[in-house]
Amino acid sequence: MASSFSSNPFSLSFLALSLAIGYSSAPLAQVALKEVVISGSRNEQDKDDIPATVEVVGQDALEAGQVRDIRDVVRGLPNVSVRRVPARFSLAGNSTGRDGNAGFNIRGLEGNRVLILVDAIRSPRSYVFGSNAFGRDYVDVSLLHRVEIVKGPASALYGSDGLAGLVNFITLKPDEFLTQGKTLAGRASVGYSGDDQGVSASATVAGRASDTVQWLLSANVLKARELNNRGDNDAANIDRTTPNPQRDRAKSVLGKLVLRPSSAQTHTLTLEHSDKRSDYELLSVRAKPPLAATSTLSADSYTTLSRDRLTWDARWQLDAGLADSLQTVLSLQRADSREYVTEDRNTAADRVRDVTYDERTTQLGVQANKLVRINRNWAHKLTYGFDQVTSQVNNLNTGITPPTGESFPLKRFPDTKETSTAIYLQDEIVGEQFSFTPAVRVDRFSINASQAGFSPPSGTPAASLSGSAISPKLGVLWRATPQVSVFGNYASGFRAPNASQVNAFFENLTSFYKTIPNPALKPEKSRNVELGVRTRWAALTLDAAMFTSRYSNLIVDSQQVGGAGGPGNPTVFQSVNVGSARINGFEVKGQYDWGNVAGGKLTTPFAYGQTRGTDSSTGRPINSIDPATLRLGAKYDTALWDVRLDLQHHAAKKAADVDSSGLLAAPATQFLTAAATTLDLSGQWRIRKDLRLNLAVMNLTNKKYWAWSSVRGLPASSTVLDAYSQSGRHINVSLVADF
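Cut-off values and rules
Residues numbered from 1 in each chain as written. Predicted model: local features only at pLDDT ≥ 70, side-chain atom pairs only at ≥ 80, totals over all residues. Heavy atoms only, no water. Helix = DSSP H or I, 4+ residues; strand = E, 2+ residues; numbered from the N terminus. Rg over C-alpha atoms; globule rule 2.2 N^0.38 Å. Buried < 20%, exposed > 50% of the residue type's maximum accessible area, 1.4 Å probe, protein only. Contact = heavy atoms within 4.5 Å. Areas by Shrake-Rupley, 256 points an atom, 1.4 Å probe, with all protein chains shown as cover. Lys, Arg positive; Asp, Glu negative; His and termini not counted. Charge placed at Lys NZ, Arg CZ, Asp CG, Glu CD. Polar contact = N/O pair within 3.5 Å; in protein donor to acceptor, adjacent residues only side chain to side chain. Phe/Tyr/Trp six-rings, centres within 6.5 Å; stacked < 30°, edge-to-face > 60°. Lys NZ or Arg CZ within 6 Å of the ring centre and 35° of its normal. 1 Å grid on protein atoms, 1.4 Å probe; cavity = no way out; pocket = protein on both sides within 12 Å on 5 of 7 lines; lining within 4 Å. Points joined across faces, edges and corners; volume = space filled by probe spheres on them. Salt bridge = Lys/Arg side-chain N within 4 Å of Asp/Glu carboxyl O. Pairing = 2+ DSSP bridges. Core = buried A, V, L, I, M, F, W, Y, C linked by side-chain atoms within 4.5 Å. pLDDT = per-residue confidence, 0-100.

Asks: How should I be thinking about the overall build of the protein chain in this particular structure?
Replies: The helix and strand inventory of the protein chain stands at six helices and 35 strands. Relative to a compact globule of 739 residues, whose C-alpha radius of gyration would be 27 Å, the protein chain shows 26 Å and is just as compact. For the protein chain, the spread of C-alpha atoms along the principal axes amounts to about 80 × 60 × 55 Å. Taking all 739 residues of the protein chain together, 54% fall into the buried category. When contacts within the protein chain are restricted to residue pairs at least 6 apart in sequence, those whose partners lie at least 24 apart make up 68%. As displayed, the protein chain has an accessible area near 30600 Å², and 58% of this comes from carbon and sulfur atoms. Computing the positive centroid from 80 side-chain charges and the negative centroid from 70, the protein chain places the two 2 Å apart.

The structure is reproduced here in structure tokens:
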């Protein structure tokens, strides 16, 4: 169904644009509801006034959708996904599923090319090297008020890593609960998710101690098991297709203290802690007879993620010549990741791997805002500021029975201090019908590596490097009618090399291969052009956009750059700038309101997204791009309850859209996902004004299907394809109480 649009990916957006302007004379009232966001401009602003595509998942959607992790956050959003592969990894040589919810994919690019923020504070990066992989799921969504996703480069305002876009998690605030003169209020909830037998409980309490002091305390705990699939082979060996036994534990705490000593200033002190642990019994790596000396008899693992953040955010109303308002932010953050694996082998020595990856980050920001009126019809909204981020990045590998030619402890890259300093300026020139938003940011970054504990044992000293990037942006918004607006933007993005890319280390003297530093790495860069239209009629809301992006200097890790793999001439690997890419696509999202039907309100939400991309240096497809998806729903809403049915169609992944050689060694070929349509049935019963029951039956027809992001690199000849299938029919339920 969705794939029928693939022959002309831009035609639908042009059609939507033409219909929107042509239909603007219809006698329909303008929708009054406004959605305010901050990520698109670093200021609170009506989302419809931003000349870019910004997705918002608000508090009501988080609750009604029973959103429990970052995969659920993006469910139903066009051209956005989160990759999760089943946990079938081994001690060495296979990283499948080690990183859990690995991170966000926006319009075909993923990993550290998407900037993740929590209250505008940078979240830790992912780290992948060889068989080790740490994801980016450091956030507990129960602590969130909303999530904002900016599609397209965001470096003009936020700097490095905003190559493909950004995700900003915005945490709860006291004044969201202290309404109608309340001095004490809060919310409590319990929930169950059937796909992993997860049980969660959370509570938030907010209070007003005086006219100048507010506070908030929120906490959450979670227990869950392995994520279910449609496999049915429960063998305790490599033939297994049911999930490996897994136990997940998570807890988080958020505390906020808000001080308003006068009407002209506000100080917010935030303390956030979250930690997650998963324990695995890796039955799928157990060997079958006949056994070799090195055959695996059993393997177990646990992984942990923890993050602590302390942030002071101060805002002043100045009404001065240079600035009307000023914001200063100082944040300290500590993130620790660990992966511990034990392996019992037949007669060969048993092995243990203990790998850690840590980041210690200090972030300082100063931002000023100034409104300058030119005349009655035009004004400048100036935003300018300074950012500095300093991170100490460390890793350590220890264990028992190291690889031949190596010894423990060792570092895969040296302890590194990464520093970024930037200034930025944005001017929103606002008129009655037009707005023009030019912006520019200048970043200076440095990567300073320490030799202690790295060289030796590495035979090659670590390299340090520094560089700069200029990121311009220009947005234009035309308010064609009170109900219709058209926007366009040009934006550039960049991503500086990180510590592991500059100095990845793996040297095996007996097998004759090694990696070497690359102090000449350049930042990855992107250029994006987007054109879109928004309609806000009483019956129809519509957001449509088409985009084209160009990427250059893409960094490829572990590229062979020399050597023959023999004595005196080892194979040499290095991270190098070799990639360039072109990505095009479009997306449509909206809702049609059918009005009152039998005493209730009937609406039809819909969303469609499609992306295509090519590696310009090879002419081959980009494998990280997901197939097109269509989501079509019907929601019936009354004063006491609502019910919603959602159809989601996943287009097939075609061979012409896959670079099989980039995923598998010949003659193996990539497994291609077939088209699939699933149904989800959900609803909410408002038992009382302050008590709500949410219930959902997911994958109502128990459809067996695969997600492309979960099977990349899986050969079509695999005998365990079912192990990578998505969850079958299951029930989610939650009870939420306000007080």
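More follows now that the structure is in view.
Asks: Hey, could you run me through the side chain of R441 in this one?
Replies: Mapped onto the fold, R441 is located in strand 22 (residues 434-449). Only 3.1 Å separates the side chain of R441 from the side chain of D387, close enough to count as a polar contact.

Asks: So what exactly am I meant to see when it comes to the packing of aromatic side chains here?
Replies: The description of an aromatic ring pair uses the distance of the two centres, along with the angle that the planes make with each other. As enumerated under the stated definition, the model contains 18 aromatic pairs in all. Residues Y127 and Y357 carry aromatic rings whose centres are separated by 5.0 Å and whose planes lie at 10° to one another, so their mutual orientation is stacked. Placement of Y127 in strand 8 (residues 127-129) and of Y357 in strand 19 (residues 351-373) is noted, with a sequence separation of 230 residues between them. Accessibility expressed as a relative area gives 2% for Y127, which makes it buried. You can call Y357 buried: its relative accessible area is 5%. Sitting over the ring of Y158, R42 keeps its end group 5.2 Å from the ring centre.

Asks: Looking at this structure, how should I read empty space enclosed by the protein?
Replies: Vacant regions in the atomic arrangement are exposed by a probe of water-molecule size rolled over the atoms. Enumeration over the complete set of coordinates arrives at six cavities of 30 Å³ or more. Empty space within the second largest cavity amounts to approximately 250 Å³. Along its surface, the second largest cavity is lined by 27 residues, and G40, A52, V150, P153 and K473 are the ones closest to its centre. At the level of secondary structure, the elements contributing two or more residues to the lining of the second largest cavity comprise strand 10 (144-151), helix 4 (155-158), strand 21 (416-430), strand 23 (465-478), strand 24 (484-495) and strand 27 (524-536).

Asks: Would you explain the pattern of salt bridges in this entry?
Replies: Between side chains of opposite charge, a pair can form as their charged atoms come close. A full pass over the atoms with the stated rule returns 54 salt bridges. The salt bridge partner of R536 is D543, with a shortest N-O separation of 3.0 Å. Take R536: its relative accessible area is 14%, and that puts it in the buried class. A relative accessible area of 24% means that D543 is categorised as partly exposed. Linked through salt bridges whose partners overlap, the residues forming this network are E55, R107, K151, E530, E587 and K589.

Asks: How should the sheet that holds strand 10 be read in this particular structure?
Replies: Pairing is mixed across the open sheet formed by five strands, whose spatial order is 3-10-11-6-7. Looking along the sheet, the strands with just one partner apiece sit at the ends: strand 3 (54-57) and strand 7 (121-122). Pairing of strand 6 (residues 114-118) with strand 11 (residues 165-171), which is carried by five bridges, proceeds in the parallel orientation. Among the inter-strand pairings, L115 is bridged to a residue of strand 11, identified as L166.

Asks: In this structure, what is going on with the environment of R412? I would like to understand it.
Replies: Positionally, R412 belongs in the loop between strand 20 (379-400) and strand 21. Note: C-alpha distance between R412 and F506 (94 residues apart in sequence) is 6.6 Å. With sequence-adjacent residues up to four places away left out, R412 is seen in contact with Y127, F129, N395, N397, E406, F454, N503, A504, F505 and F506. Engagement of the side chain of R412 in a polar contact is seen with the side chain of E406, the distance being 3.4 Å.

Asks: Can you walk me through the nonpolar core in this structure?
Replies: Formed by 31 residues in total, the largest nonpolar core has its most connected members in V74, F104, V147, I149, V167 and F169. Elements with a minimum of two residues in this core: helix 3 (70-73), strand 4 (80-84), strand 5 (101-106), strand 6, strand 10, strand 11, strand 28 (540-562) and strand 29 (571-597). When residues no more than four places from it in sequence are discounted, the contact partners of F104 are I70, V74, S81, V82, L109, E110, G111, V114, I116, V167 and F169. Among the nonpolar cores identified, the runner-up in size contains 15 residues, and A480, W537, L542 and F586 belong to it.

Asks: Can you walk me through the environment of V572 in this structure?
Replies: Tracing the chain through its elements places V572 in strand 29. On the basis of relative accessible area, V572 is assigned to the buried category, the value being 14%. Note: C-alpha distance between V572 and A206 (366 residues apart in sequence) is 58 Å. With sequence-adjacent residues up to four places away left out, V572 is seen in contact with K514, I516, Q559, Q560, V561, G562 and G563.

Asks: I would appreciate a short explanation of the pairing of strand 18 (residues 325-345) in the present structure.
Replies: Strand residues, when the strand is regular, have side chains that alternate between the two faces of the sheet. Relative to strand 18, strand 17 (residues 296-317) is paired through 21 bridges, and the arrangement is antiparallel. If you follow L310 over to strand 18, its bridge partner there is L332. Here 19 bridges tie strand 18 to strand 19, and the two strands are oriented antiparallel to one another. Looking at strand 19, one finds that E343 is bridged to R351. Here strand 18 hands over to strand 19 after five residues, the two strands then running antiparallel side by side.

Asks: Is there a simple way to explain the pairing of strand 4 in this structure?
Replies: Along strand 4, four of the five residues are buried, which leaves the element largely enclosed by surrounding structure. Pairing geometry for strand 4 and strand 5, over four bridges, is antiparallel. Opposite V82, over in strand 5, you have F104 as the bridge partner.

Asks: I tried to follow the environment of V355 on my own but got confused; where do I start?
Replies: Looking at the element boundaries, V355 is found in strand 19. Its relative accessible area of 3% is what places V355 among the buried residues. Along the backbone, V355 and L396 are 41 residues apart, and their C-alpha atoms lie at a distance of 5.8 Å. Not counting residues up to four positions away in its chain, the partners in contact with V355 are N132, F134, S337, R338, E339, L396 and N397.

Asks: Looking at this model, I keep getting lost on the confidence of the model for the protein chain. Mind explaining?
Replies: Keep in mind that low pLDDT regions are not for reading the predicted coordinates in detail. Summary statistics for the protein chain give a mean pLDDT of 93 and a share of 96% for residues scoring 70 or more. Here residues 1-32 scores under 50 on pLDDT; set against residues more than four positions off or in separate chains, the count is 60 contacts.

Asks: Could you clarify how one ought to interpret unusual backbone geometry in this entry?
Replies: Comment: phi is negative for the bulk of residues other than glycine, and the bulk of peptide bonds are trans. With an omega dihedral of 10°, the bond running from P456 to P457 counts as a cis peptide bond. By the secondary structure assignment, P457 is in the loop between strand 22 and strand 23. Of note, the bond from A666 into P667 is cis; its omega dihedral lies within 30 degrees of zero at 10°. As for its placement among the helices and strands, P667 is situated in the loop between strand 32 (641-650) and strand 33 (676-688). The phi dihedral of Q180 falls on the positive side, at around 55°, and the residue is not glycine. Take Q180: it is sitting in the loop between strand 11 and strand 12 (184-193). Judged by its relative accessible area of 75%, Q180 falls in the exposed class. In this structure, F512 is a non-glycine residue whose phi angle is positive, near 65°. Inspection of the secondary structure puts F512 in the loop between strand 25 (507-508) and strand 26 (513-515).

Asks: Help me out: how do you make sense of the side chain of D354 in this one?
Replies: Structurally, D354 is set in strand 19. At 2.7 Å, the side chain of D354 and the side chain of R338 are in polar contact. Excluding its chain neighbours within four sequence positions, the residues that come into contact with D354 are R338, E339, Y340, L396, N397 and T398.

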